[in-house]
Amino acid sequence: MIRVQAEDFDIAAEMEAIASNSTSLGAIASFVGVVRDMAGGGRPSSMTLEHYPGMTEGMLREIDEEACRRWPLEASLIIHRYGRLEPGDRIVLVVTASAHRHAALEACAFLIDWLKTKAPFWKFEETPDGSRWVEARALDDDAAARWEKE
Amino acid sequence: MRLLYFASVRQTIGLAGEEITLPGDVVDAGGLVDWLKRRGGVYAEALAQPGHVRVAVNQAYGHAGTPVTDDDEVALFPPVTGG
């Protein structure tokens, strides 16, 4: 399941919903992305996430389906927020559940790595020193590439 | 054609999107970007770095050779930075 929303999410409630929905799972893995303090020193900063409504949901659904093809998952969940966020705010939640830990952990890492390089979101940072669009990082491409099949 | 711009491309061009009619000789996404660049000004500036512009045709990633027509929704944006 995927959700794209401005509102915050409740990590415990989302994981509990997945745990209570299946009797055969033995492992639940999760990843939470949080806004870093870009300005430092307690100075005010914010991050605004822009997205492409429609394509965002479509890409997240594709990535989710790919994870379900590659690993025997009982359940999977991606929640990604958009709009204005502050340091400490949650940005993204990925939860995967499977009978065994390897599938859950690997699928969770796969989902966040592919999401970062494929889902159409863009981060705009504002600090007292100025504002800027966050640049894509080659390291993220490398992380996503390790899941590419030859 | 419905054109959409996101992030730094949107900010530089100063528009979130626009309706255009394709010239007859523009048949693919690469041709569309070249034609927009020839408008000059903010378009040339926004689309100047070839490696920095991604294209989506009808909400699916495309490339320079992806065919485009007036019935399509085409989006131009920089590499994504979510997660």
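Colleague: Lay out the overall build of chain B in plain terms, naming residues and giving numbers.
Modeller: For chain B, the count of helices and strands is three helices and five strands. Starting at the N terminus, the α and β elements of chain B follow one another as β-α-β-α-α-β-β-β. Its C-alpha radius of gyration of 12 Å places chain B within 12% of the 12 Å reference for a compact globule of 83 residues. Summarising its shape, the C-alpha atoms of chain B cover approximately 35 × 30 × 20 Å along the three principal directions. Put simply, 53% of the contacts in chain B that link residues at least 6 apart link residues at least 24 apart. Carbon and sulfur atoms form 51% of the exposed surface of chain B, whose accessible area is close to 3,900 Å². Charge centroids of chain B, computed over 6 positive and 10 negative side chains, lie 8 Å from each other.

Colleague: How would you explain the pattern of salt bridges if you had to name every residue and give the values?
Modeller: Residues and elements named next belong to chain A. For the structure on display, the rule yields 14 salt bridges over all chains. Between Arg81 and Asp8 there is a salt bridge, with the nearest N and O atoms lying 3.6 Å from each other. One end of the pair, Arg81, is in strand 4 (residues 73-81); the other, Asp8, is in the loop between strand 1 (2-5) and helix 1 (11-20), with 73 residues separating them in the sequence. Owing to a relative accessible area of 38%, Asp8 belongs among the partly exposed residues under this scheme. The salt bridge involving Glu86 is made with Arg84; its shortest N-O contact spans 3.3 Å. Taking the relative accessible area as the measure of exposure, Glu86 reaches 41% and is therefore partly exposed. Residue classification places Arg84 among the exposed positions, given a relative accessible area of 55%.

Colleague: Mind laying out the sheet that holds strand 3 (residues 54-57) of chain B, listing which residues take part and the relevant values?
Modeller: Residues and elements named next belong to chain B. Strand order in the open sheet formed by five strands is 2-1-5-3-4, and the pairing between neighbours is mixed. The open sheet terminates on both sides in strands that have one partner only, identified here as strand 2 (17-19) and strand 4 (60-61). Note that strand 3 and strand 4 share two bridges and pair antiparallel. Looking across to strand 4, one finds that Ala56 is bridged to Tyr61.

Colleague: A description of the packing of aromatic side chains should follow, citing residues and the corresponding values.
Modeller: Evaluated as defined, the whole model comprises ten aromatic pairs over all chains. Seen from their ring centres, A:Phe110 and A:Trp114 are 4.7 Å apart, and the 40° between their planes marks the pair as tilted. Linking A:Phe110 with A:Trp114, this pair stays in helix 3 (residues 101-118), spanning four residues, or about one helical turn. Here a set of aromatic residues connected by ring pairs shows up, and it is made of A:Tyr52, A:Trp122, B:Phe6, B:Tyr61 and B:Phe77. Over the ring of A:Phe9 we find A:Arg90, and its NZ or CZ is 5.9 Å from the ring centre. Between A:Lys118 and the ring centre of A:Trp114, over which it is positioned, the NZ or CZ distance is 4.3 Å.

Colleague: Residue-level account of the sheet that holds strand 3 (residues 46-51) of chain A, with values.
Modeller: Residue and element names in this part refer to chain A. Across the sheet, four strands lie side by side as 5-3-7-8; this open sheet has antiparallel pairing. With partners counted over all chains shown, the strands left at the sheet margins are strand 5 (83-85) and strand 8 (130-133), one partner each. Strand-to-strand twist of the sheet, defined as the mean angle between neighbouring strand axes without regard to direction, takes the value 20°.

Colleague: So what about the interface of chain A and chain B? Which residues, and what values?
Modeller: Across the contact, 25 residues belong to chain A and 20 residues belong to chain B. Taken together, both faces of the contact between chain A and chain B bury some 1,800 Å²; the carbon and sulfur share is 60%. At the boundary of chain A and chain B, one finds one salt bridge. As a salt-bridge pair, B:Arg10 and A:Glu50 come within 2.5 Å of each other at their nearest N and O atoms.

Colleague: Outline the nonpolar core, supporting the account with residue identities and numerical values.
Modeller: General note: in soluble globular proteins, nonpolar side chains tend to be found buried as a group. Judged by nonpolar contacts, the single largest core of 30 residues is most densely connected at A:Leu60, A:Trp71, A:Ile91, A:Phe110, A:Leu111 and A:Leu115. Where this core is concerned, the elements lending two or more residues are strand 1, strand 2 (27-34), strand 3, helix 2 (55-70), strand 4, strand 6 (90-98) and helix 3 of chain A. Broken down by element, the residue count for this core peaks at nine residues, all from helix 3 of chain A. Among all residues touching A:Leu60, those that are not within four sequence positions of it are A:Ile2, A:Val4, A:Ile78, A:His80, A:Leu115 and A:Ala119. Of all hydrophobic cores here, the second largest spans 22 residues; its members include B:Met1, B:Tyr5, B:Ile13 and B:Ile20.

Colleague: Can you tell me about the state of the cysteines, naming the residues and giving the values?
Modeller: Residue and element names in this part refer to chain A. Inspection of the entire model under this criterion finds zero disulfides over all chains. For the unlinked cysteine Cys108, the closest cysteine sulfur is that of Cys68, found at 13 Å. A relative accessible area of 5% places Cys108 in the buried class.

Basis of the calculations
Residues numbered from 1 in each chain as written. Chains lettered and ligands numbered in written order. Predicted model: local features only at pLDDT ≥ 70, side-chain atom pairs only at ≥ 80, totals over all residues. Heavy atoms only, no water. Helix = DSSP H or I, 4+ residues; strand = E, 2+ residues; numbered from the N terminus. Rg over C-alpha atoms; globule rule 2.2 N^0.38 Å. Contact = heavy atoms within 4.5 Å. Areas by Shrake-Rupley, 256 points an atom, 1.4 Å probe, with all protein chains shown as cover. Lys, Arg positive; Asp, Glu negative; His and termini not counted. Charge placed at Lys NZ, Arg CZ, Asp CG, Glu CD. Salt bridge = Lys/Arg side-chain N within 4 Å of Asp/Glu carboxyl O. Buried < 20%, exposed > 50% of the residue type's maximum accessible area, 1.4 Å probe, protein only. Pairing = 2+ DSSP bridges. Phe/Tyr/Trp six-rings, centres within 6.5 Å; stacked < 30°, edge-to-face > 60°. Lys NZ or Arg CZ within 6 Å of the ring centre and 35° of its normal. Axes fitted to C-alpha atoms, helices over the stretch in contact; angles between N-to-C directions. Buried area = accessible area lost by both parts, 1.4 Å probe. Core = buried A, V, L, I, M, F, W, Y, C linked by side-chain atoms within 4.5 Å. Disulfide = S-S within 2.5 Å.

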